[in-house]
Amino acid sequence: MVPTEEKDALREFAASLKSVPTRVLETAFRTGTPNTDRSRSTFVFGNVFLHLHSVRTHRWSLRWTTTMGLGIMSVSAFLIALVTGVLLMFYYKPYPEAAYQSIKDIHFVVPTGRLIRNLHRWSANIMVIAVILHMARAFYTAAYRRPREYNWLIGIGLLVVTLGLSFTGYLLPWDQLAYWAITIGANIAQSPREVTDALNLTDYFDPGGMQRLLLLGSDQVGAEALIRFHLLHVMILPLAIAALMGVHFWRIRKDGGMVRPADADALLTARPAESVTPVFNEAPVKTYQLAAIVRGRSAAVGRGQENTVPSMPHLFYAELGVLMVTLLACLALSLYSDAPLKELANPSIPENPAKAPWYFLGLQEMVSFSAFMGGVGIPAIVLIGLALIPYLDRETEGTGKWFGGPGGWPLVRFSALLGLGVPIILEAAVIRFGWLREWFPHIPQLIITAINPGTILTLIYALFSMWCIRRYQSTRAGALALFTCFLAGFIVLTIIGTYFRGPNWVFYWSPSDWPKH
Amino acid sequence: MTTTPAASRSRLDPEPVPRRDWLGLSSLWAAAGALLFGVTGMLKLPKAAVLASPSKKFKVTLPESLAAGEAFVPPGRAVAIYKDAQGVYAVSSICTHLGCVVKPNAEGFECPCHGSRFAANGEVTKGPAPRPLPWLKVTVAGGAITVDEATTVPQGTKVA
Ligand code: HEM
Ligand code: FES
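Residues numbered from 1 in each chain as written. Chains lettered and ligands numbered in written order. Predicted model: local features only at pLDDT ≥ 70, side-chain atom pairs only at ≥ 80, totals over all residues. Heavy atoms only, no water.

1. Thoughts on the overall build of chain A
The test is simple: In this description a helix means any DSSP run of H or I spanning at least four residues, a strand means any run of E spanning at least two, and both kinds are numbered starting from the N terminus. What makes two residues a contact is simply this: any of their non-hydrogen atoms within 4.5 Å. Exposure was quantified through the Shrake-Rupley algorithm and a 1.4 Å probe, taking into account, for residues, occlusion by the shown protein chains and nothing else. Under the counting rule used here, the positive set is Lys and Arg, the negative set is Asp and Glu, and His together with the chain ends is not counted. Where a charge lies is defined by one atom per residue type, namely NZ (Lys), CZ (Arg), CG (Asp) and CD (Glu).
Summing up its helical and strand segments, chain A has 22 helices and 2 strands in all. Its C-alpha atoms give chain A principal-axis dimensions of roughly 105 × 65 × 50 Å. Of the contacts made within chain A by residues no fewer than 6 positions apart, 76% connect residues no fewer than 24 positions apart. Summed over all atoms, the accessible surface of chain A reaches about 26500 Å², with 69% contributed by carbon and sulfur. Computed over 43 positive and 33 negative side-chain charges, the inter-centroid distance for chain A is 8 Å.

2. Let's talk about the overall build of chain B
Basically, it comes down to this: We take the radius of gyration over the C-alpha atoms and set the globule estimate at 2.2 Å times the residue count to the 0.38 power. When accessible area is computed with a 1.4 Å probe and restricted to protein chains, residues below 20% of their type maximum are described as buried, those above 50% as exposed, and intermediate ones as partly exposed.
Broken down by element type, chain B carries 2 helices and 9 strands. N-terminal to C-terminal, the α/β element order of chain B is α-α-β-β-β-β-β-β-β-β-β. Here the C-alpha atoms of chain B give a radius of gyration of 32 Å, more than 25% beyond the 15 Å that 2.2 N^0.38 yields for 160 residues. Over its C-alpha atoms, taken along the principal directions, chain B stretches across nearly 115 × 35 × 25 Å. Within chain B, the proportion of its 160 residues that are buried is 31%. By sequence separation, contacts in chain B at least 24 residues apart represent 34% of the contacts at least 6 residues apart.

3. With respect to the side chain of Ser123(A)
All names here are of chain A. Quick note on the threshold: Nitrogen and oxygen atoms within 3.5 Å of one another constitute a polar contact, given that in protein one can donate a hydrogen and the other can accept it, and given that sequence-neighbouring residues count only through two side-chain atoms.
Tracing the backbone shows Ser 123 in helix α8 (residues 113–140). According to the relative accessible area criterion, Ser 123 is buried, its value standing at 0%. Engagement of the side chain of Ser 123 in a polar contact is seen with the backbone oxygen of His 120, the distance being 3.0 Å. Setting aside anything within four residues of it in sequence, one finds Ser 123 in contact with Ala 77, Ile 80, Ala 81 and Cys 330.

4. Topic: the state of the cysteines
Heads up, the condition is: Working definition: a disulfide is two cysteine sulfur atoms within 2.5 Å of each other.
Inspection of every chain in the model, using the stated rule, returns 1 disulfide over all chains. Looking at Cys468(A), it has no disulfide partner, and the nearest cysteine sulfur is the one in Cys485(A), 7.8 Å off.

5. Description of helix α7 (residues 98–108) of chain A
Residues and elements named next belong to chain A. Spelled out, the test is: Taken from the helix axis, the directions to the C-beta atoms give the arc we talk about.
When we look at burial in α7, the residues that qualify are Ala 99, Tyr 100, Ser 102, Ile 103, Ile 106 and His 107. Viewed along the axis of α7, the buried residues span an arc of 165 degrees, placing them on a single side of the element. Where the residues of α7 are buried, they touch α6 (70–89), α8 and α13 (223–254).

6. Examining the coordination of the iron atom of ligand 1
All names here are of chain A. Which entries qualify depends on this criterion: Atoms of type N, O and S within 2.8 Å of a metal are treated as its donors, and for Na, K and Ca the window is 3.2 Å; water is not considered, so some sites may appear to be missing partners. Site shape is set this way: if four donors have all angles between 85 and 135 degrees, tetrahedral; if opposite donors are over 155 degrees apart and all others between 65 and 115, square planar for four donors and octahedral for six; otherwise irregular.
The protein atoms that coordinate the iron atom of ligand 1 are His 120 (NE2) and His 233 (NE2), at distances spanning 2.0 Å. In this structure, the iron atom of ligand 1 is surrounded by 6 donor atoms whose angles at the metal cover 81 to 178 degrees, and the resulting shape is octahedral. Here His 233 lies in helix α13 and His 120 lies in helix α8, a separation of 113 residues in the sequence. We note that His 120, like His 233, is buried.

Here it is in structure tokens:
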């Protein structure tokens with residue numbers, strides 16, 4: 001009968017309409033609520049974003065001391081910078097003067113513009129800190145060893161691109177700070193000329209001049225440079241970093257997850273596995289075999305395999321937690337302190353002191369003695385040294401343990417003291433007694449270029465590291481010593497450059513002692 | 001029955017490349033070569049043939065009151081111009097260290113960025129600067145003085 005049929009169809013329609021939200025969710029996640037080991041597995045590999053993770057995670061990886069969440073913190077900071085950066089692009093105009101005005105508009109006129117800008121700044125800073133700490137974590141737990149050597153290299157690439165993003169972003173506001181920091185940066189890129197000049201080669205072979213020209217697109221920091229930096233900052237480097245991150249994460253899985261000590265399982269059984277496994281629903285509705293994918297019955301049913309737990313929720317909640325903490329930190333910092341904006345860039349009056357972003361101030365401190373060694377030579381040595389670590393240290397002792405390996409924590413502690421002490425003494429001596437040119441006014445330039453306090457520091461560190469290799473008969477011990485020393489030296493030089501250098505790069509105990517004019 | 005070459009080969013030996021594959025491979029390599037050639041040419045793209053920078057030559061009139069050995073810095077230019085008994089001369093005031101603009105003072109010049117000091121003739125006296133400040137080409141025609149920032153002249157060149 002027609003009327004009843006009509007009535008049924010209508011009712012069905014209403015029922016369908018009512019169930020739309022549930023149905024949409026169901027079709028999005030396809031495999032239902034993740035409340036059994038099996039559905040938790042399908043939840044992970046049925047989702048394009050989540051399936052970068054493996055379905056189950058080793059309990060060792062979830063101890064917070066294993067990673068301290070630093071890698072996820074780096075990604076989180078990047079994502080925040082990505083979102084806020086795209087929002088900034090609505091108003092930002094990459095032309096001199098217009099750029100400065102548009103940042104001013106963002107800061108003072110655009111609704112929530114200041115917050116977005118602050119968030120972008122702070123997330124960029126947090127990203128740099130997180131990336132450096134993440135690298136230190138990977139180093140100290142010897143996570144770079146076989147089979148993770150290549151992922152360590154990818155990590156170095158990520159560090160370089162992160163610093164590149166910050167450096168290119170620093171110019172965009174086109175204020176005095178930006179203009180002079182980039183002038184100095186571009187001239188550091190040109191500093192191989194110090195060597196070619198001293199050897200009278202510059203007319204034939206000028207890699208320094210070429211680098212600067214490619215970076216600036218002109219012989220001074222102007223509209224061409226701004227366009228280039230903008231392009232690098234919003235397109236090329238973000239794409240490069242995204243690609244590198246993709247490989248980084250993929251390799252983590254292929255290399256067998258997080259590094260863990262050989263006796264991780266023995267160390268873990270101190271705590272019963274049961275206390276971590278169940279989260280939503282204790283008993284699986286059905287029984288499944290290994291990896292919780294294959295149906296069947298076996299003795300292992302209902303228990304995690306090899307000390308693993310389902311990634312959903314154990315890993316994902318931890319990751320989400322780190323994202324929230326990062327976001328919270330960025331928000332708090334953004335509300336507390338505004339991104340700086342000085343006067344419009346003025347090419348005839350340098351900002352005094354002209355300081356780069358803080359993480360480059362250690363370099364700037366070395367550069368203030370000689371540009372090539374401090375700005376190009378030593379950074380290159382450090383990067384090459386970092387890249388070589390996994391190929392030189394082929395030992396196995398201490399893998400996956402903090403400060404693992406011969407020497408261990410006592411060696412790291414001693415290296416930290418030495419690494420802090422030597423640059424402090426060196427800087428104090430140089431600040432008190434002057435440097436080469438003050439002692440020998442007619443010294444050849446090549447010597448000034450080559451012998452930077454940084455060079456001496458590097459030599460002392462390297463000798464100490466060699467001594468450690470012999471003393472402990474272990475490359476790992478040498479690496480522990482060297483890495484710790486460089487980290488400490490970086491901190492000392494950065495602090496001196498940030499807090500103790502004033503106008504004319506003169507040493508001051510505090511900015512309140514700076515001459516006023 | 002004679003054994004065919006195929007049968008006498010070990011199964012571990014590589015297969016001989018058939019003619020068709022050879023043709024395919026060589027055209028592939030030819031295409032790759034052409035692409036590489038083209039891309040190499042395009043590598044010049046980021047290096048502009050003409051630099052977009054303002055003119056390096058400019059005219060100045062020195063103030064009447066300019067004392068011998070006192071620097072005159074034209075607004076917007078990083079050049080210090082002097083006039084003494086032997087004539088007019090110009091010294092670049094772009095620091096040879098990392099490009100900050102140096103300030104003329106009583107002894108010569110000082111750089112605000114990393115503390116380089118220069119004597120009045122441009123020689124480095126202190127700090128990290130690797131080269132002396134270059135002297136720039138000055139031409140005097142009638143009363144008009146032209147400075148060319150792009151051309152350096154030997155130290156001590158003064159134009160009457
Ligand atoms: C894909 C992601 C990103 C986009 C689309 C983006 C876009 C932008 C834009 C348009 C600006 C100019 C506005 C301004 O100066 O406030 C800017 C500034 C800046 N960016 Fe990014 N950015 C991204 C990621 C990053 C990352 C990862 C870092 C650092 C690790 C970074 C560091 C900076 C810095 C230091 C500034 C200067 C900020 C300021 O003066 O407030 N950016 N970015
Ligand atoms: S730029 Fe002049 S001392 Fe560094």
